[in-house]
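# Architecture at a glance
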Amino acid sequence: MKILLTGGAGYIGSHTAVALLEAGHDAAVVDNYSNSSPEAVRRAEQITGKEIRLYEADVADKNRMMEILRSEMPDCIIHFAGLKAVGESVAKPVEYYRNNIDTTLTLIECMKELGLSNIVFSSSATVYGEDNIPPFTENMPKGVCTNPYGWTKWMQEQILTDAWFASEKEVISWAKAHDGDAAASDSGRVRPRELSVVLLRYFNPVGAHESGMIGEDPQGIPNNLMPYISQVAVGRRDHLTVFGDDYDTPDGTCRRDYIHVMDLAEGHVKAAEYSLEHRGAEVFNLGTGNPYSVLDMVKAFGDACGHPVKYEIGPRRAGDVQDSWANADKAKEILGWEAKRGIAEICRDAWKWQSGNPNGYDR
Ligand code: NAD
Ligand code: UD1
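Residues numbered from 1 in each chain as written. Chains lettered and ligands numbered in written order. Predicted model: local features only at pLDDT ≥ 70, side-chain atom pairs only at ≥ 80, totals over all residues. Heavy atoms only, no water.

Within the secondary structure layout, Ser123 lies in strand S5 (residues 118–124). Those residues in contact with Ser123 that sit more than four places away from it in its chain are Lys153, Glu157, Leu200, Arg201 and Tyr202. (Helix = DSSP H or I, 4+ residues; strand = E, 2+ residues; numbered from the N terminus. Contact = heavy atoms within 4.5 Å.)

With that settled, consider the site of ligand 2. In the vicinity of ligand 2, 19 residues are found, and the nearest of them are Thr241, Phe243, Arg256, Arg317 and Asp320. Interatomic distance of 2.9 Å between a side-chain N/O atom of Asn204 and an oxygen atom of ligand 2. One of the side-chain N or O atoms of Arg256 is found 2.5 Å from an oxygen atom in ligand 2. Across the complex, the protein chains shield 88% of the 740 Å² of accessible surface that ligand 2 would expose by itself. (Near = heavy atom within 4 Å. Polar contact = N/O pair within 3.5 Å; in protein donor to acceptor, adjacent residues only side chain to side chain. Areas by Shrake-Rupley, 256 points an atom, 1.4 Å probe, with all protein chains shown as cover.)

Moving on to the site of ligand 1. As a matter of local geometry, ligand 1 sits amid 27 residues, with Ile12, Asp31, Asn35, Ser36 and Phe80 nearest to it. Contact between ligand 1 and Ser34: an oxygen atom at 3.0 Å from a main-chain N or O atom of the residue. Contact between ligand 1 and Asp58: a nitrogen atom at 2.9 Å from a side-chain N or O atom of the residue. Look at ligand 1: alone it shows 820 Å² of surface, and the protein chains cover 95% of it. Those elements that provide at least two residues to the shell around ligand 1 are helix H1 (11–22), helix H5 (93–114), S5 and helix H6 (148–177). Top element by residues in the shell around ligand 1 is S5. It accounts for 3 residues. For the shell around ligand 1, the residue count by class is 11 nonpolar, 12 polar and 4 charged. (Nonpolar A, V, L, I, M, F, W, Y, C, P; charged D, E, K, R; others polar.)

Here the structure, examined in full by the defined rule, presents 29 salt bridges. Of the charged contacts in the structure, one is a salt bridge between Glu157 and Arg201, with a shortest N-O distance of 2.8 Å. Pair noted here: Glu157 is in helix H6 and Arg201 is in strand S6 (residues 196–202), with a separation of 44 residues, a long-range link. When the shortest N-O distance is used, the salt bridge between Arg256 and Asp320 registers 3.9 Å. Of this pair, Arg256 sits in strand S9 (residues 255–256) while Asp320 sits in the loop between strand S13 (311–314) and helix H10 (329–335); the two residues are 64 residues apart in sequence, bridging distant segments of the chain. By relative accessible area, Arg256 is classed as buried at 12%. Classification of Asp320 by relative accessible area gives buried; the value is 19%. What you see here is one network of salt bridges that share partners, running through Glu210, Asp263, Glu266, Lys340 and Arg341. (Salt bridge = Lys/Arg side-chain N within 4 Å of Asp/Glu carboxyl O. Buried < 20%, exposed > 50% of the residue type's maximum accessible area, 1.4 Å probe, protein only.)

We now examine empty space enclosed by the protein. Remark: the empty space left among the atoms is shown by a probe the size of a water molecule rolled over them. Counted under the stated rule, the structure contains 2 cavities of 30 Å³ or more. A volume near 100 Å³ is recorded for the largest cavity. Taken together, Tyr11, Val206, Gly207, Glu216, Pro218, Met226, Pro227, Ser230, Gln231, Ala350, Trp353 and Gln354 make up the lining of the largest cavity. No other element matches helix H7 (residues 225–233), which puts 4 residues into the lining of the largest cavity. Of the residues contributing to the lining of the largest cavity, the split by class is 7 nonpolar, 4 polar and 1 charged. Of the voids in this model, the second largest cavity is the one considered here, and its volume is about 40 Å³. Forming the walls of the second largest cavity are Glu216, Asp217, Pro218, Gln231, Arg236, Trp353, Gln354, Asn357, Pro358, Asn359 and Gly360. A class-by-class count of the residues in the lining of the second largest cavity yields 3 nonpolar, 5 polar and 3 charged. (1 Å grid on protein atoms, 1.4 Å probe; cavity = no way out; pocket = protein on both sides within 12 Å on 5 of 7 lines; lining within 4 Å. Points joined across faces, edges and corners; volume = space filled by probe spheres on them.)

Written as structure tokens, this is what we have:
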């Protein structure tokens, strides 16, 4: 398959490019490098020994995206491009809504004009909100998000689902109007095609490719747990602050479903393949189904790097949910995918990346 990855120079996109090439697919990347470096794509090429066509562009720029998509005509688009820092989204909501919603609307318009029909989208477990009780299943009602970033994911899921629904109706009315004559033209309009939308709700993507050549490269002070732990372990930061130890959990710290980024990447390969055969809008959790606490991860990382990771207990972080983990049965049953790597591999690979690249891609 020919697959185009928007935001493919980023953390999850670059790992997914590797998994796609290793599965025998062809990959092209579009990125504006607002939170990444082309170096990640170069390294993905080195890991696989295969070429990735790379376009520097803003996915919200429709003219440019029409040009790129017309020359690529991919079988599937995987839409990673987006802004993702929760705290920043509270300070800059308009920038987040503009970027995340506009990129999605632009892609849908281009797809329609070019007759492209398959899209896989990076959503987040954050759409389950605060009131659902884990393990989260895809048929639970979406919840109330605690920040603009979460709402952009919530809304992008809705926009893509509505676009699929309209595409199905359009195909039915076209078929009626042409009385079963599939080849008929309608004043030169592109024959409508029913969309295939696959919404992937990621749990907590962590770790790095086992080569240690690509990994997560946050700018400034990391917001997320695993990059922070890695930077403490490598000596870039003094200690981790654990956000609260008074939750109703066995050790008092929050529990999450940490998924190795290569397992997540392999889930995208299955999702892209599925998008070819299937029509509709379908949601899948990509998680392991196993919760681990903050202190479990601190301990596992210490074991992987050979020395304890220094931490202090601090107050709770506003907006944190106590528990979040997936029921991952649907992806196993329908996509034939399940996570294979555990927290020991996650910490081993994150450490290999961090210790080999203490300053990330040095961008
Ligand atoms: P990332 O920031 O590393 O990658 C996103 C990429 O998109 C970056 O390379 C950035 O430069 C690019 N980009 C942003 N806006 C763009 C635009 N308008 N045009 C072109 N490129 C643009 O983030 P990631 O962790 O790889 O996340 C990928 C996707 O998965 C994002 O949509 C994110 O919201 C979603 N997601 C991530 C997590 C996580 O924990 N990492 C969890 C759930 C969902
Ligand atoms: C966060 C976002 C979520 C987003 C996800 C991936 C919030 C409230 N949620 O999820 O919307 O999809 O990142 O980008 O920001 N922790 C510490 N100390 C730290 C950092 C984190 O104790 O320095 C704890 C947190 O309290 C949490 C766990 O570690 O219990 C995981 O945190 P994090 O990696 O930020 O992910 P989430 O909060 O699950």
